[in-house]
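# Results of the structural survey
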Amino acid sequence: MVIKTIDARMVAKMFLGGAKNLESKKEWINELNVFPVPDGDTGTNMTLTITAAAAEVNALSDLNMENLSKCISSGSLRGARGNSGVILSQLLRGFTKGIKEHEELDVIDLAGAMQKAVETAYKAVMKPKEGTILTVAKGAANKAAELAQTEEDIEEFCIQILAEAEAVLEKTPDMLPVLKEAGVVDSGGQGLVEVLRGALDALQGKEIDYAFEAPRKENIVKISPQTETDIKFGYCTEFIIMLEKPFDERTEMDFKGFLESIGDSIVVVSDDDIVKVHVHTNDPGLAIQRALQYGGLSRMKIDNMRLEHEEKLIKDASKIAAEEAKKEKNLSAPKEGPHKEMGFIAVSAGEGLSEIFQSLGVDYLIEGGQTMNPSTEDMLQAISQVNADNIFILPNNKNIILAANQAGYLTKDKKIYVIPTKTVPQGITAMINYIPEETPEQNEARMQSEIMNVKTGQVTYAVRDTRIDDKEIHEGDIMGIGDKGILSVGKDIADTTLDMLDQMVDDDTEIVSVYYGAEVEKFQAEELGRRAGERYPNAEVEVHDGGQPVYYYVISAE
């Protein structure tokens, strides 16, 4: 039977089928990571991104192409994690822009939407690299454009697109030498292929469990303890407006002005046809009534902060006492303060590293890093809690930078500066070089310049056998990984770390900072520091408790 058109119901099934197939393959995709480290998370990031949208699609009561497009675009945009997840969200965003005004889709509509998806995703990446998910998406879209001239059957159209995507994926090792050396295809490209395969399965009527739950909150934004009397507005109110009327800049300012008259901690983020709203107020009904003037509401959530706080005080009394003890050491948890010109958000994993960032003036910490990349929505939530006109975000991981940029794009009421810190030491250097008397633009330029002078090394273990950077690696080996590749491989943690440092330290190195992880004892780190001091007498060696997971040591040389 020839299928010439598909409606919103079938598009929803195909999207959910793609999401389900990706979810089932996420661990296998994680293992395609080029570096054999215990933090390969491409499959996890792409799955969390698409399931955020899938949960919204499943909750959709009025199913039509426009509402479906809004759910897919907004859900994936806010739920995006990691570079692969952000790129996937942009592909979905572009695709839905191409279909939202249609009641039914034929092959020409689908081909046009796929081209729009690729254009949107390429624009979102500052320096697109071929041999990645982008290349696979482009190959599939080009094939779709070719087929649309002659093929009317959507099933055959999808079969051939999937075959083309698989063929392009197989060529990715020829485009990126690092993939060929590791003997793998691009993991993000593989994830996209699994989405396409699941969508085809749904179109062909294969049995699929379409149930999805919203992704569990993995990243917790730390907030300092408050007394009940500190809570001026008792209800944390969140919802999304599905716009039915124009919502221009003036309307947005009027709406924000109204929210300011009834509460605080206001965030209004508009994107195409949706507006995400967050406000602390004593009368959530007033916010809801005003919002209904602009359109229907979804994802409504109202929390009684006074009640939750009272329960938290009872449940976490010992934890609060510990935080109070930290205050005496000037290591208090980050907290909201009076309005100021500039504020700071940093991503950190490990109590020791978090304390360092707090002592340097970071207002808000997002728990995350390797194996747990925070989402765009995590970033937006953090932004909402920093009472500043200009906010600097330190991602401290190359796989979080795109999500931070996306959060900056979605934020309209504050100026966001994403400093592209790829490692924690770069983030620490950025904070050290902040000068309060200078403008945000001057500080942005200084921070970006100074982080380029930081060499970072990270020590962990191999999770599989492979060959990379001309080094034979076996499962369980200790690896020292530098900014551009693997620097050392061995059996002993300390010896491998020192071998790595030999390639990082030069005659210009003045400071070597050692941050030891959760699995390293203090005496072991101090012994390593002593040996490094003897090895590099012209450099000052500092040892700090980082407490980070996964990596035995994170080390900087400046």
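These remarks concern the structure in this document. (Residues numbered from 1 in each chain as written. Predicted model: local features only at pLDDT ≥ 70, side-chain atom pairs only at ≥ 80, totals over all residues. Heavy atoms only, no water.)

### Quick word on helix H8 (residues 154–175)
The condition that has to hold: A helix here means a DSSP run of H or I that spans at least four residues, while a strand means a run of E at least two residues long, and both kinds are numbered starting from the N terminus. What a helix should span is 1.5 Å times the count of its residues minus one. Burial status follows relative accessibility: with a 1.4 Å probe on protein chains alone, a residue under 20% of its type maximum counts as buried, one over 50% as exposed, and anything between as partly exposed. Any pair of N or O atoms that falls within 3.5 Å is considered a polar contact. Within protein, one atom must be able to donate a hydrogen and the other to accept it, and sequence-neighbouring residues count only if both atoms are side-chain atoms.
Counted at 1.5 Å a residue, the expected span for H8 with its 22 residues is 32 Å, and the 31 Å between its end C-alpha atoms agrees. Taken residue by residue, H8 has Ile-154, Phe-157, Cys-158, Ile-161, Leu-162, Ala-165, Val-168, Leu-169, Thr-172 and Pro-173 as its buried positions. If you check the start of H8, you find a side-chain oxygen 3.1 Å away from the backbone N of Glu-155, and it comes from Asp-153.

### Let's talk about the pattern of salt bridges
What counts here: Should a side-chain nitrogen of Lys or Arg be within 4 Å of a carboxyl oxygen of Asp or Glu, the pair is scored as a salt bridge.
Considering all chains together, one arrives at 24 salt bridges under this definition. Across the salt bridge formed by Asp-477 and Lys-491, the nearest N and O atoms sit 2.5 Å from each other. Separated by 14 residues along the polypeptide, Asp-477 in the loop between strand E13 (471–473) and strand E14 (478–481) and Lys-491 in the loop between strand E15 (486–490) and helix H20 (493–502) bring together distant segments of the chain. Each of Lys-25, Glu-166, Glu-194 and Arg-197 takes part in a single network of salt bridges with overlapping partners.

### A look at the packing of helix H16 (residues 376–385) against helix H17 (residues 401–410)
So the rule is basically this: Fitted lines through C-alpha atoms serve as axes, helices being fitted only where they are in contact, and the angles separating the N-to-C directions of these axes extend from 0 to 180 degrees. Should an angle fall under 35 degrees it is called roughly parallel, over 145 degrees roughly antiparallel, and 65 to 115 degrees roughly perpendicular, with every other angle called oblique. Crossing chirality is assigned from the near helix's rotation relative to the far helix, an anticlockwise turn below a right angle marking it left-handed and a clockwise turn marking it right-handed. Whether two residues are in contact is decided by their heavy atoms, any of which lying within 4.5 Å being enough. Residues are grouped as follows: nonpolar covers Ala, Val, Leu, Ile, Met, Phe, Trp, Tyr, Cys and Pro; charged covers Asp, Glu, Lys and Arg; every other residue, Gly included, is treated as polar.
At a closest axis distance of 8 Å, the pairing of H16 and H17 adopts a crossing angle of 55°. Between H16 and H17, the crossing angle belongs to the class labelled oblique. In the packing of H16 onto H17, the handedness of the crossing is right-handed. Residues Thr-376, Met-379, Leu-380 and Ile-383 of H16 touch H17, and the partners they reach there are Ala-403, Ala-404, Gln-406, Ala-407 and Leu-410. The residue inventory of the contact of H16 with H17, partitioned by class, reads 7 nonpolar, 2 polar and no charged.

### Details of the sheet that holds strand E18 (residues 553–557)
Adjacent strands of a sheet pair through backbone hydrogen bonds, lying either parallel or antiparallel. Cut-off, in case you're wondering: Here, any two strands with at least 2 DSSP bridges between them count as paired.
Strand order in the open sheet made by the 6 strands is E15-E14-E11-E18-E16-E17, with mixed pairing throughout. Each end of this open sheet is capped by a strand with a single partner; those strands are E15 and strand E17 (540–545). Across the sheet, the axes of successive neighbouring strands diverge by a mean angle of 15°, strand direction being ignored. Relative to E18, strand E16 (residues 511–516) is paired through 5 bridges, and the arrangement is antiparallel. Counted as the bridge partner of Ser-513 is Ser-556 from E18.

### Brief notes about the packing of aromatic side chains
Inclusion rule: Ring pairs shown here join Phe, Tyr and Trp side chains whose ring centres sit within 6.5 Å, with only the six-membered ring taken for Trp; geometry is labelled stacked below 30 degrees between planes, edge-to-face above 60, and tilted in between.
Going through the model one piece at a time under the given rule, you end up with 7 aromatic pairs. Pairing Phe-344 with Tyr-434 gives two aromatic rings, centres 4.7 Å apart and planes at 75°, and the pair type is edge-to-face. On the criterion of sequence distance, the pair formed by Phe-344 in strand E7 (residues 340–348) and Tyr-434 in the loop between helix H18 (424–432) and helix H19 (440–451) is long-range, its members being 90 residues apart. Neither residue differs from the other here; Phe-344 and Tyr-434 are each classed as buried. Taken together, a centroid distance of 6.4 Å and an interplanar angle of 50° make the contact between Tyr-461 and Tyr-552 tilted. Of this pair, Tyr-461 sits in strand E11 (residues 455–461) while Tyr-552 sits in the loop between E17 and E18, placing them 91 residues apart in sequence. By relative accessible area, Tyr-461 is classed as partly exposed at 32%.

### A closer look at the packing of helix H3 (residues 42–58) against helix H4 (residues 65–79)
Remark: H3 packs on H4, axes separated minimally by 7 Å, with the N-to-C direction vectors making an angle of 145°. For the pair H3 and H4, the crossing hand works out as right-handed. In contact with Leu-48, Thr-49, Ala-52, Ala-53, Glu-56 and Val-57 of H3, H4 contributes Leu-68, Cys-71, Ile-72, Ser-74, Gly-75, Ser-76, Arg-78 and Gly-79. Its residues assigned to classes, the contact of H3 with H4 shows 7 nonpolar, 5 polar and 2 charged.

### Examining the environment of Met-114
With respect to the helices and strands, the residue Met-114 is situated in helix H6 (residues 107–124). Measuring from C-alpha to C-alpha, the distance between Met-114 and Leu-92 comes to 9.1 Å, with 22 residues separating the pair along the chain. Residue contacts for Met-114: discarding those within four places in its chain leaves Phe-95, Ala-140, Ala-141, Ala-144 and Ile-161.

### As for the sheet that holds strand E10 (residues 415–418)
The 4 strands are arranged E8-E7-E9-E10 in an open sheet whose pairing can be described as parallel. Both outer strands of the open sheet, strand E8 (364–367) and E10, are each paired with one neighbouring strand and no more. Here the strands of the sheet are splayed against their neighbours by 20° on average, with no regard to which way each runs. Along the sheet face, H16 touches E7, E8, strand E9 (388–394) and E10 and points at about 160° away from the line of E8.

### Overview of the nonpolar core
Our working definition: Nonpolar core, defined: a set of buried Ala, Val, Leu, Ile, Met, Phe, Trp, Tyr and Cys residues in which side-chain atoms within 4.5 Å join the residues together.
Within the largest apolar cluster, 69 residues are counted, with the highest numbers of intra-cluster contacts made by Ile-6, Phe-15, Ile-50, Val-57, Ile-87, Leu-91 and Phe-157. Per-element accounting of this core gives the leading share, 9 residues, to H6. Not counting the four nearest positions on each side in its chain, Phe-15 is found in contact with Ile-50, Ala-53, Ala-54, Val-57, Ile-72 and Leu-92.

### What about the pairing of E9?
For clarity, the threshold we go by: For crossovers, right-handed means that the path from the first strand over the helix to the second runs clockwise, given strands pointing away from the viewer.
Counting buried residues along E9, 6 of its 7 residues qualify, which places the element largely inside the surrounding structure. Of the strand pairs in this sheet, E7 and E9 are connected by 6 bridges, and their pairing is parallel. Within the sheet, the bridge partner assigned to Phe-344 lies in E9 and is Phe-392. In this fold, E9 hands off to H17, which returns the chain to E10; that crossover is right-handed.

### Concerning unusual backbone geometry
Residue Asn-396 is not a glycine yet carries a positive backbone phi of 60°. Secondary-structure assignment places Asn-396 in the loop between E9 and H17. Even without being glycine, Val-550 reaches a positive phi, approximately 70°. Inspection of the secondary structure puts Val-550 in the loop between E17 and E18.

### Some words on the pairing of strand E5 (residues 274–281)
In terms of burial, E5 is a largely internal element, 8 of the 8 residues being buried. Of the two faces of E5, the one lined by Ile-274, Lys-276, His-278 and His-280 and the one lined by Val-275, Val-277, Val-279 and Thr-281 are each fully buried. In this structure, strand E3 (residues 235–243) lies alongside E5, joined through 8 bridges in antiparallel fashion. Paired with Phe-239 across the strands is Val-277, a residue of E5.

### Examining a positive patch on the surface
Short version of the rule: In this analysis, a patch consists of residues with relative accessible area above 30% that form no salt bridge, clustered at 9 Å for like charges and at 5 Å for the nonpolar side chains Val, Leu, Ile, Met, Phe, Trp and Tyr. For the accessible areas, the method is Shrake-Rupley and the probe is 1.4 Å, while residue cover comes only from the protein chains on display. Positive charges are assigned to Lys and Arg, negative charges to Asp and Glu, while His and the chain termini are left out of the count. To locate a charge, take atom NZ for lysine, CZ for arginine, CG for aspartate or CD for glutamate.
Residues Lys-127, Lys-129, Lys-398 and Lys-422 make up a contiguous surface patch of positive charge. Structurally, the position occupied by Lys-422 is in the loop between E10 and H18.

### Remarks on helix H5 (residues 82–99)
The terminal C-alpha atoms of H5 lie 26 Å apart, and with 18 residues this matches the ideal 26 Å at 1.5 Å per residue to within 8%. Among the 18 residues that make up H5, 14 are buried, leaving the element largely enclosed by the rest of the structure.

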